[in-house]
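# Topology and contacts: notes
In case you want the letters, here they are:
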Amino acid sequence: CGKGPQQQIVSGASDGALCLWTFGDKGASQLQKESSAHAGNGVNYVDWHPKCTTLVGSVGDDGCMRLWDTRGLGGSKNSSSSSSSSSSSSSSSGSCKAQLKQSEKQSANMNCISFNPHNEWLAATGDVNGAVLIWDLRNLKHPVASLEEAGHQLAIEQVGDTKRNDERTYPC
């Protein structure tokens, strides 16, 4: 992980684009855009990694979570991407560093993502079927926990973090 610029804003939209604005000292901004971040499907949520300042996670209507290196967004070169499912869609160009698609059983659109602020290797996603999935970023083949019986009957719109400094807890 590199140290990224201090002032950046990332956004995702239903047009499938992931945009990164970098602000300079004089207020001027530079736009980098990944126009097909989720294979033409909507980008539902983006989150900055709490420790790696150049890593952004996104989730979308394609049922995928993708991890992006902001230093290469909008680039023309392809980078390696890993897929946890043989049914995953083709990866986007640019700086997509990892892509995972839920299993066929868990193939719902993903609505939100949250990185654990106390354990840099954990992330949670929420989907339209009411499931919360916990992922270990070192091994994206399967979630380490599935909270499908979390009591939600409708779509998960947000997963959040605890404010305790305890690596054993996960923010859900």
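Computed from a predicted model, the values in this text were never measured in an experiment. (Residues numbered from 1 in each chain as written. Predicted model: local features only at pLDDT ≥ 70, side-chain atom pairs only at ≥ 80, totals over all residues. Heavy atoms only, no water.)

## Comments concerning the sheet that holds strand 10 (residues 132-136)
Judged by pairing direction, the sheet is antiparallel, and its 4 strands sit side by side in the order 8-9-10-11 without closing on themselves. The open sheet has two edge strands with one neighbour each: strand 8 (110-115) and strand 11 (145-147). The mean angle between the axes of side-by-side strands here comes to 20°, regardless of whether they run parallel or antiparallel. Direction of pairing for strand 10 relative to strand 11: antiparallel, over a ladder of 3 bridges. When the bridges of strand 11 are listed, L133 appears paired with S146. (Pairing = 2+ DSSP bridges. Helix = DSSP H or I, 4+ residues; strand = E, 2+ residues; numbered from the N terminus. Axes fitted to C-alpha atoms, helices over the stretch in contact; angles between N-to-C directions.)

## Details of the confidence of the model for the protein chain
Considering every residue of the protein chain, the mean pLDDT works out to 74; 68% of them sit at 70 or more. Contacts of residues 76-94 to residues separated by more than four positions or lying in other chains number 50 contacts, the stretch itself having pLDDT below 50. Here residues 168-172 scores under 50 on pLDDT; set against residues more than four positions off or in separate chains, the count is 25 contacts. (pLDDT = per-residue confidence, 0-100. Contact = heavy atoms within 4.5 Å.)

## A short note on the sheet that holds strand 3 (residues 29-34)
With antiparallel pairing, 3 strands are arranged side by side in an open sheet as 1-2-3. On the outer flanks of this sheet lie strand 1 (8-12) and strand 3, each paired with one strand and no other. In this sheet, neighbouring strand axes are inclined to one another by 15° on average, regardless of whether the strands run parallel or antiparallel. Where strand 2 (residues 18-23) and strand 3 come together, 6 bridges link them in antiparallel fashion. Bridging from a neighbouring strand, W21 pairs with L31 of strand 3.

## As for the environment of D61
Among the structural elements, D61 can be located in the loop between strand 5 (55-60) and strand 6 (64-69). For the pair formed by D61 and A108, sequence separation is 47 residues and the distance between their alpha carbons is 7.9 Å. Setting aside its immediate chain neighbours within four residues, D61 contacts N41, G42, N44 and N109. One polar contact links D61 to N44, side chain to side chain, over a distance of 2.8 Å. (Polar contact = N/O pair within 3.5 Å; in protein donor to acceptor, adjacent residues only side chain to side chain.)

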